[in-house]
Amino acid sequence: MANSGTQAMTGAEMVVQAMKDQGVEVVFGYPGGAVLPIYDALFQQNDIRHVIVRHEQGAVHMAEGYARSTGKPGVVLVTSGPGATNAVTGLTDALMDSIPLVVFTGQVPTFMIGTDGFQEADTVGITRPCTKHNWLVKDTANLAEVIHQAFHVATHGRPGPVLIDIPKDVQFATADYMPPPKAKVSHYQPKLKGDIDAITRMVEMMETAERPVFYTGGGVINSGPAASQLLREFVEATGFPITSTLMGLGCYPASGDKWLGMLGMHGTYEANLVMHGCDLMLNIGARFDDRITGRIADFSPNSRKVHVDIDPSSLNKVIRVDVPILGDVGHVLEDALRLWKARGRKVNKPALAKWWKQIAEWRAVNCLDYTPSDTVIKPQYALQRLEALTKGMDRYITTEVGQHQMWAAQFLGFEDPNRWMTSGGLGTMGYGLPASIGVQLAHPDALVINVAGEASWLMNMQEMGTAIQFRAPAKQFILNNERLGMVRQWQQLLHGERYSQSWSESLPDFVKLAEAFGCKGIKCSDPKDLDDAIMEMIRYDGPVIFDCLVEKHENCFPMIPSGKPHNEMLLGNADTQGVIGAKGAVLV
Amino acid sequence: MSPLNIKQGSTSHSAYDLRDPNGEVIEQHTLAVLVANESGVLARVIGLFSGRGYNIDSLTVAEVDHEGHRSRITIVTRGTPPVIEQIKAQLGRIVPVHEVHDLTVEGPSVQRELALFKVAGKGDARIEALRLAEIFRANVVDSTLESFVFEMTGTPEKIDAFAELMRPLGLREIARTGVAALARGA
Ligand SMILES: Cc1ncc(C[n+]2csc(CCOP(=O)(O)OP(=O)(O)O)c2C)c(N)n1
Ligand SMILES: [Mg+2]
């Protein structure tokens, strides 16, 4: 189907042809006046599947789910004005979490730009700060080249969303199509290989470190499955402990014995204390986010730090490191591993043994422990059962944002990369349902579960219609505490238990809602019924809305309060009295 | 729970020791940014500064290579050394930015700004303004019986100094271009 030589076609046809040449299989979109020519071109072909959503925000999150679970860019097509502005939250989400997207927006014709035309918005202006790059194409002759450049920019270096704004007259006009090999992309070529001297210094430090830790993040996942493989080999060979950020879960298997669990604000006791007490921190593709560092001045005070990142602006941005290494995680790990082996596979064995002994003591605290109940479903219990009953299955998890998200990160185990899709940087409620549809469409036979909170889920619940229309059997596992649980937890700890607007009032009957959409609804409130209900959800051949009524006032622990260092962690309710000072309350 | 006391490490070498002792000192730097002259590129650069809370003391831009469609943006900014490093890294990340040069650290450079001054006055003040303009090598580019427009090229400091002298002599308006700068030598 690849196009050879030059060929005249309309701008709208170019969009479709360029998508085909870029290997696009599916487009998530919503039509409108300013993209009618492109929809017409889509109508007249069968190679690219179009998924019609119910709201443009849903389209972008679906594309994110698709992208993160496949490693390929997600593609979105929306109209001008409100279509474009509705996409803004998704674009910002993708920018924060480094998800490659190519978003096409329609625009009023070039001769009307600037006249406040119907459905005109300054789309490139609005989206400039929330895309990696964007283009307004004013001439059909440039369109194909810009599209090929856009795919290149979205997927090279630190991935991210890009946007192409196409006025309607540019879609109608005819010009010669430029196939991908002819497009000029040479200028944007981020460095992949790390500096070998810096890598050597990293290896030297690894040879002598007494208390090392691998602190890994989404960069490992974005670098591709080979990077995760190299990381695993490195961890096994050195025997160093490893933790991951929320975005990095799955780069090292949760069942591995070097695994400490997630770190950060709701990370495990052992992971955070290892970060605090280590003498060598190997940051592989993470970015010292404030959810990770806590109070900067007290962050891991006795360690030397190595930071591998493909984005030069991430290096020394938040934490000054001893050895910054600019490059792709996969390339750097490959060089480092080869070098470490060639130098005799040295590690400081006696010190490591002591370090692991210390870690065992921290692990013994059993920080994820909670008070069980036989009368009410504890959210942690629900996730433990979900984990047990889906273990070994071809499983993908998405989440919404809130307590349920943190519990999912704590209680579900990820064995492989690209299996966990969550809104990390932006924390976008309403991400999980559409993302689960995007994942399911990319992996039709897999078990896809959105672990949701009832409040987040309502934010994009219209997308159930999309799930049903496209037979995406994604399961909506709602941990319904009838609260904006994470907000309520902060109000309890920081605002004198004044629960201002953190109730979920007038909730729908989720079972009836499922029936109204045309899928299955399951409600469960008794721990004794939970296993059967989960099995019923898994076995059902189609989307399910599972209303899991859980304990309403459960708090998510451990928790490092804002503005506190890693070693001042709260482990349970007993720890929480008056712990967060006024200074911490200012932080989010 | 009481805060845990982690045993102090045997490594005395902390990352924080690496911190530049002058880390909190505010420095002024002149950056030359070479960009593809595509629409919106200036908005990207300015948006970066406002969005991330960096300072712009002066900014000039013009296409310098008409065939290659390259523009040169000269930015005078200020910040602590880590912030200056971050500004350069962030600029480098903008897709149409081809090169970022920190003229303040890359060696000696020449910095020039052009300014126009409108000075109105009569009698001794008018004569004094003209005399000072000669000393500063400012050109008269417009004159009426009651006013001059002086044109002057120089460092920002020289222009500041001239403006100070003109103020009591009837300075009405100033137009300044902002700094253009080049590294010295070949
Ligand atoms: C779009 C958006 N608005 C507001 C917030 C702030 N916020 C974070 S968590 C949360 C509550 C989420 O409630 P729910 O989805 O029921 O999850 P729970 O915490 O109860 O598990 C809110 C309002 C957000 N993250 N995103
Ligand atoms: Mg809730």
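Treat the numbers as computed from the prediction; the structure is a model and nothing was measured. (Residues numbered from 1 in each chain as written. Chains lettered and ligands numbered in written order. Predicted model: local features only at pLDDT ≥ 70, side-chain atom pairs only at ≥ 80, totals over all residues. Heavy atoms only, no water.)

> Could you clarify how one ought to interpret helix H3 (residues 56-70) of chain A in this entry?
Given 3.6 residues per helical turn, the α-helix brings residues three or four places apart onto the same face. Helix length check: H3 of chain A, at 15 residues, gives a terminal C-alpha distance of 21 Å against a target of 21 Å (1.5 Å per residue), a fit within 8%. Just downstream of H3 of chain A, Gly71 of chain A is the residue with a positive phi angle, here 80°. (Helix = DSSP H or I, 4+ residues; strand = E, 2+ residues; numbered from the N terminus. Expected span 1.5 Å × (residues − 1).)

> In this structure, what is going on with the site of ligand 1? I would like to understand it.
All names here are of chain A. Inspection of the region around ligand 1 gives 17 residues, with Gln403, His404, Gly427, Ser456 and Gly485 positioned closest. Within the contact set of ligand 1, a nitrogen atom lies 2.8 Å away from a backbone nitrogen or oxygen of Gly427. Interatomic distance of 2.8 Å between a backbone N/O atom of Gly485 and an oxygen atom of ligand 1. Every element with two or more residues in the shell around ligand 1 is listed here: helix H17 (403-411), helix H19 (454-459) and helix H21 (485-494). For the shell around ligand 1, the element with the highest residue contribution is H19, accounting for four residues. Of the residues contributing to the shell around ligand 1, the split by class is seven nonpolar, eight polar and two charged. (Near = heavy atom within 4 Å. Polar contact = N/O pair within 3.5 Å; in protein donor to acceptor, adjacent residues only side chain to side chain. Nonpolar A, V, L, I, M, F, W, Y, C, P; charged D, E, K, R; others polar.)

> What's the story with the coordination of the magnesium ion (ligand 2) in this structure? I'm lost.
Reference geometry at the metal: tetrahedral coordination by four donors gives ideal angles of 109.5 degrees; octahedral coordination by six donors gives 90 or 180 degrees. Residue and element names in this part refer to chain A. Looking at the magnesium ion (ligand 2), the protein donor atoms are Glu454 (OE), Glu454 (OE), Asn481 (OD1) and Arg483 (O), and they sit 2.1 to 2.8 Å from it. The site at the magnesium ion (ligand 2) holds six donor atoms, and with the angles between them running 50 to 173°, its shape is irregular. The sequence pattern describing where the donors of the magnesium ion (ligand 2) fall on their chain is E-x26-N-x1-R. Of this pair, Glu454 sits in helix H19 while Asn481 sits in the loop between strand E18 (475-480) and H21, and the two are 27 residues apart along the sequence. (Donors = N, O, S within 2.8 Å, 3.2 Å for Na, K, Ca; no water. Tetrahedral: all angles 85-135°; square planar, octahedral: opposite > 155°, others 65-115°.)

> What is the right way to read the sheet that holds strand E4 (residues 97-102) of chain B from this model?
Residue and element names in this part refer to chain B. As summarised here, the arrangement of the four strands in space is E2-E3-E1-E4, forming an open sheet in which the pairing is antiparallel. Each of the sheet's edge strands pairs with one partner strand only, and the pair in question is strand E2 (58-65) and E4. Pairs of neighbouring strands in the sheet enclose a mean axial angle of 20°, with direction left out of account. Relative to E4, strand E1 (residues 27-36) runs antiparallel, the two sharing five bridges. Its bridge partner lying in E4, Val35 is registered against Val97. Together, E1, E2 and strand E3 (70-79) form the strand contacts of helix H1 (residues 41-51), whose direction differs from that of E3 by roughly 10°. (Pairing = 2+ DSSP bridges. Axes fitted to C-alpha atoms, helices over the stretch in contact; angles between N-to-C directions. Contact = heavy atoms within 4.5 Å.)

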